[in-house]
Amino acid sequence: MKQVFLDKASGQISLLEVPDPSPSGDRIVVRVEASLVSAGTENSILQESRQGLLGLLRAKPKLLRKGWQEWKVGGWDAVRKKIAAKTEGLTELGYSCAGRIVAAGENIPNLQPGQAVACAGSGYAVHAEYVSVPALLSTPVPGNLSMEQAAYATIGAIAIQGVRQSQARLGEEVAVVGLGLVGLLTTQILAATGCRVVGIDPSEEARHRGLGCGCRAVFSPEEASGVLAPAGIMQGMDAVVICAATNSSEPLELAGKIARSQGRIVMVGATGMTIPRDLYYQKELTFRLSRNRCNR
């Protein structure tokens, strides 16, 4: 079968021929009919591989401290292995797909060959002709959904978990920072819940899409900092859901500025994690992480 890989040394994407997977006791083999490209996550992996070791260290200086700790414990060999794991070899791409079961392990009586399923999980629901997925990371597809629609199941689940963690309620003011795929789905879910949603993204194109997905207003990060911060008649956001992908901690600082006193901030995306203590302390903000549960 054919599968998509990223060469971490060169940053090149390749379509390679690999052996077909086989079912096991708790796994199913699925012939993929639709595989979703998560632009934010996969572009982040791609850019990281293309910047090389020096670029990676510039973007993530904490890796130097980790390398120093590794050296003190295991010497140069331990450091070299860590560097190789980051910069050498092939890595699989993709984590959300849909297709039909072609074989099922003996411990899976409720899933049968021919059944349509949506599959999740990094390292499992990859971009390939066939995937081998634990039964717990798959779910039957209702007959009224296309495979293309079903392939969004994982991303939708991530967005729903972020909304749950925000504890957003009917009528509340909620900001979504980062209007990529997960951010737009989060916006739609919040709007359907009855929240008043504003979107924040540096891209004008992304902000335009946000307006079509339920945002009552959209702002660039610079605009949001001035317009949405509590002042005068503005009370600030009841909750802020961060769906951005960046090495910078600026989204956390922005969220703290625009949140109301005792507001709730949820990290769904992948950003820097330096929290401005004074800002969060003075407002008594609640910060929560929303974990991707698509890995066992």
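To be clear, the structure that these remarks concern was listed above.
Scoring rules and cut-offs
- Residues numbered from 1 in each chain as written.
- Predicted model: local features only at pLDDT ≥ 70, side-chain atom pairs only at ≥ 80, totals over all residues.
- Heavy atoms only, no water.
- Helix = DSSP H or I, 4+ residues; strand = E, 2+ residues; numbered from the N terminus.
- Polar contact = N/O pair within 3.5 Å; in protein donor to acceptor, adjacent residues only side chain to side chain.
- Contact = heavy atoms within 4.5 Å.
- Salt bridge = Lys/Arg side-chain N within 4 Å of Asp/Glu carboxyl O.
- Buried < 20%, exposed > 50% of the residue type's maximum accessible area, 1.4 Å probe, protein only.
- Phe/Tyr/Trp six-rings, centres within 6.5 Å; stacked < 30°, edge-to-face > 60°.
- Lys NZ or Arg CZ within 6 Å of the ring centre and 35° of its normal.
- Core = buried A, V, L, I, M, F, W, Y, C linked by side-chain atoms within 4.5 Å.

(A) Here's a closer look at the side chain of Ser132. Relative to the elements of secondary structure, Ser132 occurs in strand E7 (residues 130-134). At a separation of 3.5 Å, a polar atom in the side chain of Ser132 contacts the side chain of Arg27. Once you skip the residues sitting within four places of it in the chain, Ser132 turns out to touch Pro21, Ser22, Arg27, Ile28 and Tyr124.

(B) A look at the pattern of salt bridges. What the rule picks out here adds up to ten salt bridges. Put simply, Glu172 and Arg264 hold a salt bridge, and the shortest N to O gap is 2.5 Å. With Glu172 in the loop between helix H5 (153-166) and strand E9 (173-177) and Arg264 in strand E13 (residues 259-267), this pair connects stretches of sequence that are 92 residues apart. Comparing Glu172 with Arg264 shows no difference in burial state: the two are buried. In this structure, Glu173 and Arg216 form a salt bridge, with 2.6 Å as the shortest nitrogen-oxygen distance. You can see Glu173 sitting in strand E9 and its partner Arg216 sitting in the loop between helix H7 (204-212) and strand E11 (217-219), a full 43 residues away along the chain.

(C) Region of interest: the packing of aromatic side chains. Counted according to the given criterion, the structure contains zero aromatic pairs. The ring of Tyr281 carries Arg277 above its face, with NZ or CZ at 4.8 Å from the centroid.

(D) Structural detail: unusual backbone geometry. Positioned with a positive phi, Gln167 is a non-glycine residue whose angle comes to about 55°. Here Gln167 is to be found in the loop between H5 and E9. Given a relative accessible area of 41%, Gln167 falls into the partly exposed group. Positive phi values are uncommon outside glycine, yet Gln262 reaches one of about 60°. As for its placement among the helices and strands, Gln262 is situated in strand E13. Judged by relative accessible area, which is 46%, Gln262 ranks as partly exposed.

(E) Focus on the side chain of Ser249. Within the element layout of this structure, Ser249 appears in the loop between strand E12 (237-242) and helix H9 (250-258). By relative accessible area, Ser249 is classed as buried at 17%. At a separation of 3.3 Å, a polar atom in the side chain of Ser249 contacts the main-chain amide nitrogen of Met273. Ignoring any residue separated from it by four or fewer positions in sequence, one finds Ser249 in contact with Gly272, Met273 and Thr274.

(F) Representation of the nonpolar core. The biggest cluster of nonpolar side chains holds 32 residues, and the ones touching the most others in it are Val174, Val182, Leu190 and Val268. Counting residues per element, the ones that place at least two in this core are strand E6 (116-120), helix H4 (147-150), H5, E9, helix H6 (181-193) and E12. Not counting the four nearest positions on each side in its chain, Leu190 is found in contact with Val163, Ala168, Val174, Val176, Cys195 and Val197. Ile258, Ala259, Ile265 and Tyr280 belong to the second-largest nonpolar core, a separate cluster that totals 21 residues.

(G) Region of interest: the environment of Val241. With respect to the helices, strands and loops of the structure, Val241 is situated in strand E12. In the structure, Val241 is positioned 65 residues away from Val176 in sequence and 4.9 Å away in space, judged by C-alpha atoms.

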